[in-house]
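# Chain and residue survey
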Amino acid sequence: MSAAIDLAVPSERWLWRKATLKEPTVLQSFAFDEPAKRLYVLQVTATGHAAGDLCLNQLDHEGRLLGHMYLRRFGHGVSIGVQHDAKDAGTWIWTEADAANGFGQGVARFHFKNGAVRTRSQVAVRHPVPDSINNQPSVCTTSQRIAVRYRDRANTPRYRVWDLDAFVAGHYGDPVADVAQVGAHPDPAVPFQGYALHGDVIYQIAGSAYDARTNPAAGRGNAYLSSISLPGGELLQQERTVAGYQLSHREPEGVAVRGGADAKVYFGLASGAVGARRFSILVKDDVAAARP
């Protein structure tokens, strides 16, 4: 359906060291609403890690904050999806929901409403993978598919992918693919930081914040981007990125894909001091790499 995007090409700054999110915490994940030229960014609130309280930010493509809403007891914000509904011309936001131990145990969709506070009881929570935990959705608008990252009974992370219309209708029994999460980082102990579905490929990001002992800034970080093919689940590519190495803190957070035939991978980096975090979004741009 779609060729994999090359993760080895240079990275370009798209948004750089922005301080425009509602909460003073790091970004967790983000997704594009291309027709409306909006960017949606999830954060865990400053006091909401244990409860799974999230802040959903709506920004324009210059990084300006246009609105926000709070999601109480939804999860950690590992991933986010945007769905355009042809029937009502509305935009649905997909996130994890029904938090336990800070992570969503199911997924839900809802419309963005500036200033609103939404609780678990105000959304229809779906549990598409029986006996799974830590469900996290991503939507591909090109293929009209939805993926859910989950952990199985053995606590192993996997991805399951469905046709989006079938999923919305509650038909979970015939997925397009179900594959193990592989190759996110050469060191499996390094934190997973998000994923995005695009066509026949899942894109992943992993890495940790700078740490004087385990991940010193002088080493330019341990962030990796990787890709997995569908439906077989083979590791296609695994590439270290040192983009944005000059940032303070520098923690990889979130990955998204934008575009159709000329799609590009975008990834997030958190920076700044505790209580005053900033965010940057960079893009893997092979067109820019070809410029003289």
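Attention here is on the structure that accompanies the text.

### What about the sheet that holds strand S20 (residues 278-284)?
The strands making up a sheet associate through backbone hydrogen bonding, with each pair oriented either parallel or antiparallel. Taken in spatial order, the four strands of this open sheet run S1-S20-S19-S18, and their pairing is antiparallel. Strand pairing shows two members of the sheet lacking a second neighbour, strand S1 (11-18) and strand S18 (251-258), which therefore form its edges. Here the strands of the sheet are splayed against their neighbours by 20 degrees on average, with no regard to which way each runs. With seven bridges joining them, strand S19 (residues 264-271) and S20 adopt antiparallel strand pairing. Bridge assignment links Leu269 to a residue of S20, and that residue is Ser280.

### Side note on the environment of His84
Mapped onto the elements, His84 comes out in strand S6 (residues 81-84). Placed 40 residues apart in sequence, His84 and Val44 show a C-alpha to C-alpha distance of 25 Å. Every residue in contact with His84, bar those within four places of it in the chain, is listed here: Asp33, Glu34, Pro35, Gly90 and Thr91. Here Thr91 takes part through its side chain, which lies 3.4 Å from a polar atom of the side chain of His84.

### Examining the packing of aromatic side chains
For the structure on display, the rule yields eleven aromatic pairs. Seen in terms of ring centroids, Trp14 and Phe32 are 5.5 Å apart; in terms of plane orientation they differ by 70 degrees. Their pairing is edge-to-face. Remark: Phe32 occurs in strand S2 (residues 29-33) and Trp14 occurs in strand S1; sequence separation between them is 18 residues. By relative accessible area, Phe32 is classed as buried at 10%. The ring of Trp92 carries the charged tip of Arg109 above its face, separated from the ring centre by 3.8 Å. When the ring centre of Phe192 is taken as origin, the NZ or CZ atom of Arg149, which lies over that ring, is 3.9 Å away.

What counts, and at which threshold
Residues numbered from 1 in each chain as written. Predicted model: local features only at pLDDT ≥ 70, side-chain atom pairs only at ≥ 80, totals over all residues. Heavy atoms only, no water. Pairing = 2+ DSSP bridges. Helix = DSSP H or I, 4+ residues; strand = E, 2+ residues; numbered from the N terminus. Axes fitted to C-alpha atoms, helices over the stretch in contact; angles between N-to-C directions. Contact = heavy atoms within 4.5 Å. Polar contact = N/O pair within 3.5 Å; in protein donor to acceptor, adjacent residues only side chain to side chain. Phe/Tyr/Trp six-rings, centres within 6.5 Å; stacked < 30°, edge-to-face > 60°. Buried < 20%, exposed > 50% of the residue type's maximum accessible area, 1.4 Å probe, protein only. Lys NZ or Arg CZ within 6 Å of the ring centre and 35° of its normal.

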